[in-house]
Amino acid sequence: MSEEMRDAVRGVAKHFPTAIVSGRCRDKVFNFVKLNELYYAGSHGMDIKGPTVQSNNVEASAEAVHFQAGSEFLPVIEEVTKQTSTTRLSSSSANTLLLVIENFVVVSAMHGTPVLFHGTRSQHAAKTNLMYESRVVQVYRTLTSKMEPIPGAKVEHNKFCLSVHFRCVQEEEWESLNQEVRSVLKEYPDLKLTHGRKVLEIRPSIKWDKGKALEFLIKSLGYAGRSDVFPIYIGDDRTDEDAFKVLRNMGQGIGILVSKYPKETAASYSLREPAEVKEFLRKLVKHSQCDVATEII
Ligand SMILES: O=P(O)(O)OC[C@H]1O[C@H](O[C@H]2O[C@H](CO)[C@@H](O)[C@H](O)[C@H]2O)[C@H](O)[C@@H](O)[C@@H]1O
């Protein structure tokens with residue numbers, strides 16, 4: 001990230017709670033952005049952490065938010081439950097999965113749909129998290145060796161997710177690369193394949209994405225349904241569409257697509273490139289006394 005963009009983001013975070021939501025893992029995003037005053041949602045929103053320092057004028061109590069949704073799945077949970085005598089924190093239904101937990105949020109997933117509760121830290125949920133992470137490492141190793149003979153293919157490990165990049169692969173090879181990835185994933189029915197820009201994304205088959213992460217942040221910070229809160233989500237990736245849809249469905253705030261070309265999108269506005277995003281963020285700060293952000297778009 002350029003120093004200028006970092007300055008612009010820092011400026012926004014002084015006035016508004018600000019989050020970076022990414023397909024990359026949280027640590028990677030933090031090392032890239034290097035701002036302690038932000039929320040970070042890595043691995044497509046499966047790993048969320050609040051600011052480690054508080055920005056001026058930001059009313060939200062941030063330090064309690066640390067959430068990981070990628071932990072999951074009934075068989076794993078049951079295995080762990082057998083190994084430990086710990087009582088489940090959530091409902092006793094056999095279809096209820098205890099996901100992760102750090103600090104204050106307890107998450108369970110009924111039939112794969114995460115539900116949020118307030119609670120305390122759970123040791124055995126943390127264990128399932130580790131088990132899940134090691135499974136992703138296993139797939140990472142398999143895919144890395146399968147992709148080795150394909151010039152230009154690259155597998156990226158993003159903690160709870162994997163990215164298989166084919167931007168530098170000859171177009172004639174794309175189909176066989178795709179087939180190879182699918183054949184590996186057949187062995188892992190609890191992982192799913194989605195598409196980004198010249199990248200295949202491998203993620204847990206739970207109903208969690210950038211949109212759910214955005215919704216989680218808005219709700220857990222107490223901003224949902226408030227007429228004095230106007231969330232703005234800016235993104236350039238296909239996976240950002242989930243977040244644009246959430247804002248549309250909530251009827252609160254706007255999505256802004258970053259693209260040089262017209263595209264089908266659930267965003268309400270667009271900016272052409274990162275330089276325009278930087279300018280927009282600067283104007284947002286300058287006009288932070290305005291009632292409605294669209295005045296400056
Ligand atoms: O969720 P985002 O923060 O928008 O990240 C999406 C993906 O970003 C990275 O891939 C992107 O950059 C690659 C070059 O560095 C490019 O080849 C690819 O087309 C872009 O999507 C990252 O490497 C992926 O893991 C992210 O999912």
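Sequence order as written defines the numbering, with residues in each chain counted from 1. For this predicted model, a pLDDT threshold of at least 70 governs which residues receive local features, and a threshold of 80 or more governs which side-chain atom pairs are given and counted, while totals over whole chains, interfaces and linings are taken from all residues.

Some words on the packing of helix α1 (residues 3-15) against helix α8 (residues 274-286)
Heads up, the condition is: An axis is simply a line fitted to the C-alpha atoms; with a helix, the fit covers only the stretch in contact. Between two such axes, the angle follows the N-to-C directions and lies from 0 to 180 degrees. For helices the rule is a DSSP run of H or I covering at least 4 residues; for strands it is a run of E covering at least 2, with both sets numbered from the N terminus onward. Any angle from 65 to 115 degrees is called roughly perpendicular, while one under 35 is roughly parallel, one over 145 is roughly antiparallel, and all others are oblique. Each crossing is labelled by how the near helix is turned from the far one, with a counterclockwise turn of less than a right angle marking it left-handed and a clockwise turn marking it right-handed. Once C-beta atoms are placed from the backbone, any two residues with those atoms within 7 Å are in contact. Amino acid classes used here: Ala, Val, Leu, Ile, Met, Phe, Trp, Tyr, Cys and Pro are nonpolar; Asp, Glu, Lys and Arg are charged; the rest, including Gly, are polar.
Where α1 contacts α8, the axes come no closer than 9 Å and their chain directions differ by 30°. Between α1 and α8, the angle falls in the class roughly parallel. The two elements α1 and α8 meet at a crossing, and its hand is left-handed. The residues of α8 that touch α1, namely those facing Glu4, Met5, Ala8, Val9, Gly11, Val12 and His15, are Pro274, Lys278, Leu281, Arg282, Leu284 and Val285. Looking at the contact of α1 with α8 residue by residue, the class counts come to 8 nonpolar, 2 polar and 3 charged.

A look at the sheet that holds strand β13 (residues 254-258)
Consider a sheet: its strands pair through backbone hydrogen bonds, and that pairing is either parallel or antiparallel. Selection rule: Paired strands, as defined in this entry, are two strands with at least two bridges between them according to DSSP.
Read across the sheet, 3 strands follow the order β12-β13-β14 without closing on themselves; strand pairing throughout is parallel. The sheet is open, and its two edges are formed by β12 (232-235) and β14 (269-271), each paired on a single side. The sheet shows a mean angle of 25° between the axes of neighbouring strands, direction not considered. In this sheet, β14 lies alongside β13 in parallel orientation, the contact comprising 3 bridges. Across the sheet, residue Val258 finds its bridge partner in β14, namely Leu271.

Description of helix α7 (residues 241-250)
Rule in force here: Counting other C-beta atoms within 10 Å of a residue's own tells you its class, since 20 or more makes it buried, 12 or fewer makes it exposed, and anything in between is partly exposed; those C-beta atoms are placed from the backbone.
Taken together, the buried positions of α7 are occupied by Glu241, Asp242, Ala243, Phe244, Val246 and Leu247. Where α7 is buried, its residues contact β1 (19-21), α6 (210-220), β12 and β13. Looking at the residues trailing α7, positive phi occurs at Gly251, about 65°.

Structural notes on the sheet that holds strand β10 (residues 191-195)
An order of β8-β9-β11-β10 is seen for the 4 strands of this open sheet, with the pairing classed as antiparallel. A strand with exactly one partner marks an edge of an open sheet, and here the two such strands are β8 (154-158) and β10. Along the sheet, successive strands turn relative to each other by an average axial angle of 20°, direction set aside. Here 5 bridges tie β8 to strand β9 (residues 161-165), and the two strands are oriented antiparallel to one another. Paired with Val155 across the strands is Val164, a residue of β9. Packed onto the sheet, helix α5 (residues 174-185) meets β9, β10 and β11 (199-204) and runs at close to 160° relative to β10.

Concerning the pairing of β13
Selection rule: Crossovers are described as right-handed under a simple rule: with the strands pointing away from the observer, the path leading from the first strand over the helix to the second runs clockwise.
In the sheet, β12 pairs with β13 via 4 bridges, with the strands oriented parallel. Residue pairing in the sheet places Gly235 in a bridge with Leu257 of β13. Remark: the β12/α7/β13 crossover connection has right-handed handedness.

Things to note about the domain arrangement of the chain
Rules: Note that the domain bounds were set by an automatic or database domain assignment.
Split by domain assignment, the chain resolves into domain 1 (3-67 + 208-296) and domain 2 (135-204). For domain 1 versus domain 2, the separation of C-alpha centres amounts to 28 Å. Residue-level contacts link 11 residues of domain 1 with 11 residues of domain 2. Broken down by class, the residue content of the side of domain 1 that touches domain 2 amounts to 2 nonpolar, 5 polar and 4 charged.

Overview of the site of the ligand
Counted only if it meets this: Near, for a residue, is defined by distance from a backbone-placed C-beta atom to a molecule or strand, with 6 Å as the limit that must not be exceeded.
Surrounding the ligand, one finds 15 residues, the nearest of these being Ser22, Gly23, Ser163, Arg197 and Asp237. Going through the elements one at a time, β8, β9 and β11 are the ones with two or more residues in the shell around the ligand. By residue class, the composition of the shell around the ligand is 1 nonpolar, 7 polar and 7 charged. Two domains share the shell around the ligand, each providing at least three of its residues, namely domain 1 (3-67 + 208-296) and domain 2 (135-204).

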